[in-house]
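# A structural walkthrough
Next come the chains, spelled out residue by residue.
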Amino acid sequence: MAGSVLKTNVNTKSPEFEKNSRRMIDLVTQFKNEEEQIRQGGGAKAIESQHKKGRLTARERIAKLIDPGSQFFELGGFAAYEMYEEWGGAPSAGTVTGLARVSGRTFMIIANDATVKAGAFFPMTAKKVIRAQNIAIENHIPTIYLVDSAGIFLPLQEDVFPDTDDFGRVFRNNAVMSAMGIPQLAAIMGMCVAGGAYLPVMCDHILMTEGSGLFLAGPALVQAAIGQKTSAEDLGGAKMHAQISGTVDFREPDDDACIARIRALADKMGAANPAPFSHVTSRPPAHSAEEIYGIFSGDPAKQYDMREIIARIVDASEFEEYRAEYGETVLCGYARVGGWAVGIVANQKKHVQTLARGSDQKRLEFGGVIYTESAEKAARFILDCNQNRVPLIFLHDVNGFMVGKDAEWSGIIRGGAKMVNAVANSVVPKIAVICGGSFGAGHYAMCGKAYDPRFIFAWPTARYAVMSGDAAAGTLVEIKLKQLEREGKKVDEKARKELYESVRATYEHQTDPRYAAARLWVDAIIDPAHTREALIQALEAAALNPEIAEFKTGVLQT
């Protein structure tokens, strides 16, 4: 049945379109260049050292493991960006994680990068592995671990070892995933020592290559602890574990043979249970995805129509808009992405001329702001999606909720609470994409990280904070000036301006999507033109979990 096709009013020849395109292409190019640098891991010398041991790098292993012609969808690539610089940095947190097809089936792949501090676990390494495991748990994704790690990075052990989101949680998750019936294969392809030795042994299948080591304590520590002298091979080599301890299931001569065995094992796994979500043959959008570059404006003062973005993401550009004439600063509607039925909740960045609630007085509603009516509409739409088993996609470009007397009289807090309640208790998969700003409580209502999205992506234009840079800088400067005044110090206009610019620069740096991605607040920074592909990957992964809990909201403020 034909749906409602979104018509486009985009003038691709306009100066504004061309300006936006140039800016976005420059930004995307900058991010891609940085990603390429990150993919070098510990650098050329470290890669050469890995090769001299007869071992492949993490990314080389992944390239051989995944199905020919398929793509590796990397998650957490910017993890630890600009962090641990006093230790020489930890590109991508010294581990590579992402989704890929192996023998025709979707897997989560977690691979230690031994070119980065011998694959040692920094604090963000543990958090990145745990995030990948949590994605696998939420979506029932079978997981492959390519283990090549020296264990905890000892200078930072206090931030890696003890807490609930630290190193030990990795093994706890191994046990939980096994109990849930989520297949896990672990290949020891280098060192696997100390507490890290538990990871592969808690998986369903254990493979080990010649020249690798698996032991709770290495030869030096054993000698220091109990005075026993032994070689690494006798202590915990592949032959010993295959023939004597019986710990490993498959002993392989090298990386290539090990990867071939993993693919053979993956090929024999039983099929996943069918997805409970509607899926039909995929159809491409009616409009080019690259046009998103010219449509989107990262300038807070500029307007654009979010429907034009949606038209370049959804199948056949068909969008069944829900309550199109009510609460217009939030768009809600049904569509398909890659054949999967979805509900879309998106911030509309065009200003809207409407009537004030309860009167015939005209009022202007600002794009990117959530008003009482739009919050209530979105909450009701989210309830419908949960009732009908429809996954939700949230497209962020939100300044926050409306403030002021009119907003308070209209019940903005009550309306916002309804939306937050519906998002928080939603049981269908939720996927968030931060396109532009994502500020304050608007970030929460649009399914920010604290609201358990299965995946959360960001465009290079994303800005992620409690408030915008200008607003925050103004507030923080006023606080600082009052503090100085209390101390009897006077600040002239020049010093005031310098203080403002300093505070603003610091705050702007912290709202950059790379800052968020470094701390795993977002799973990946994506090219806007590839948003559809990222969503399809996420939806296909989410569909592997056939279980949907009973939907309850608790008390809704009416």
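Coordinates for the structure precede this section.
Rules used throughout
- Residues numbered from 1 in each chain as written.
- Predicted model: local features only at pLDDT ≥ 70, side-chain atom pairs only at ≥ 80, totals over all residues.
- Heavy atoms only, no water.
- Disulfide = S-S within 2.5 Å.
- Buried < 20%, exposed > 50% of the residue type's maximum accessible area, 1.4 Å probe, protein only.
- Salt bridge = Lys/Arg side-chain N within 4 Å of Asp/Glu carboxyl O.
- Core = buried A, V, L, I, M, F, W, Y, C linked by side-chain atoms within 4.5 Å.
- Axes fitted to C-alpha atoms, helices over the stretch in contact; angles between N-to-C directions.
- Helix = DSSP H or I, 4+ residues; strand = E, 2+ residues; numbered from the N terminus.
- Parallel < 35°, antiparallel > 145°, perpendicular 65-115°, else oblique.
- Left-handed = near helix turned anticlockwise from the far one by under 90°.
- Contact = heavy atoms within 4.5 Å.
- Nonpolar A, V, L, I, M, F, W, Y, C, P; charged D, E, K, R; others polar.
- Phe/Tyr/Trp six-rings, centres within 6.5 Å; stacked < 30°, edge-to-face > 60°.
- Lys NZ or Arg CZ within 6 Å of the ring centre and 35° of its normal.
- Polar contact = N/O pair within 3.5 Å; in protein donor to acceptor, adjacent residues only side chain to side chain.

### A few points about the state of the cysteines
Across all of its chains, the model carries zero disulfides by this definition. For Cys 435, which is in no disulfide, the shortest distance to another cysteine sulfur is to Cys 447 and amounts to 14 Å. Note on Cys 435: relative accessible area 1%, which makes it buried.

### A closer look at the pattern of salt bridges
Evaluation of the coordinates by the stated rule reveals 27 salt bridges. For Glu 35, the salt bridge is made with Arg 39, and the minimal N-O distance between the two is 3.9 Å. By relative accessible area, Arg 39 is classed as partly exposed at 35%. Residue Arg 380 is joined to Asp 384 by a salt bridge in which the shortest nitrogen-to-oxygen separation is 2.3 Å.

### Focus on the nonpolar core
In this structure, Ile 310, Ile 344 and Phe 457 are the most contacted members of the largest nonpolar core, which totals 76 residues. Grouped together as the second largest cluster of nonpolar side chains are 55 residues, Leu 156, Phe 394, Val 428 and Ala 518 included.

### Overview of the packing of helix H3 (residues 58–65) against helix H10 (residues 255–267)
The contact between H3 and H10 brings their axes to 10 Å, and the two run at 45°. In terms of axis orientation, H3 runs oblique to H10. Between H3 and H10 lies a crossing of right-handed hand. Residues Arg 61, Lys 64 and Leu 65 of H3 form the contact with H10, whose participating residues are Asp 255, Asp 256, Ile 259, Ile 262 and Arg 263. When grouped by side-chain class, the residues that make up the contact of H3 with H10 number three nonpolar, no polar and five charged.

### Comments concerning the environment of Ile 62
Topologically, Ile 62 is positioned in helix H3. Residue class for Ile 62 comes out buried when judged on its relative accessible area of 3%.

### What to know about the packing of aromatic side chains
Scanning all chains against the criterion turns up 17 aromatic pairs. Considering the side-chain rings of Phe 171 and Tyr 198, the 6.4 Å spacing of their centres and the 55° angle between planes classify their relative orientation as tilted. Remark: Tyr 198 occurs in helix H6 (residues 198–201) and Phe 171 occurs in helix H5 (residues 167–180); sequence separation between them is 27 residues. Owing to a relative accessible area of 12%, Phe 171 belongs among the buried residues under this scheme. Through pairs of rings, three or more aromatic residues link up here, namely Tyr 84, Trp 87, Phe 122 and Phe 153. We note Lys 405 situated over the ring of Trp 409; from NZ or CZ to the ring centre the distance is 5.2 Å. Just above the ring of Tyr 515 sits the side chain of Arg 519; from NZ or CZ to the centre is 3.5 Å.

### Structural notes on the packing of helix H4 (residues 123–139) against H5
It is the contact of H4 with H5, at a shortest axis distance of 9 Å, that shows an interaxial angle of 15°. Here H4 is positioned roughly parallel relative to H5, judged by the angle of their axes. Like other packed secondary-structure pairs, H4 and H5 cross with a definite hand, here left-handed. Every residue of H5 that contacts H4 at Ala 126, Val 129, Ile 130, Gln 133, Asn 134, Ala 136 and Ile 137 is listed here: Phe 167, Arg 169, Val 170, Asn 173, Asn 174, Val 176, Met 177 and Met 180. Per-class residue counts for the contact of H4 with H5 are 10 nonpolar, four polar and one charged.

### Digging into the side chain of Asp 527
Structurally, Asp 527 can be placed in the loop between strand E20 (524–525) and helix H20 (531–542). One polar contact links Asp 527 to Lys 32, side chain to side chain, over a distance of 3.0 Å.

### Looking at the side chain of Asp 523
By the secondary structure assignment, Asp 523 is in the loop between helix H19 (513–518) and E20. For Asp 523, a relative accessible area of 4% corresponds to the buried category. At 2.8 Å, the side chain of Asp 523 forms a polar contact with the side chain of Arg 131. If we ignore the near neighbours within four places in the chain, the residues touching Asp 523 are Leu 75, Gly 76, Arg 131, Ile 135, Arg 454, Phe 455 and Ile 456.

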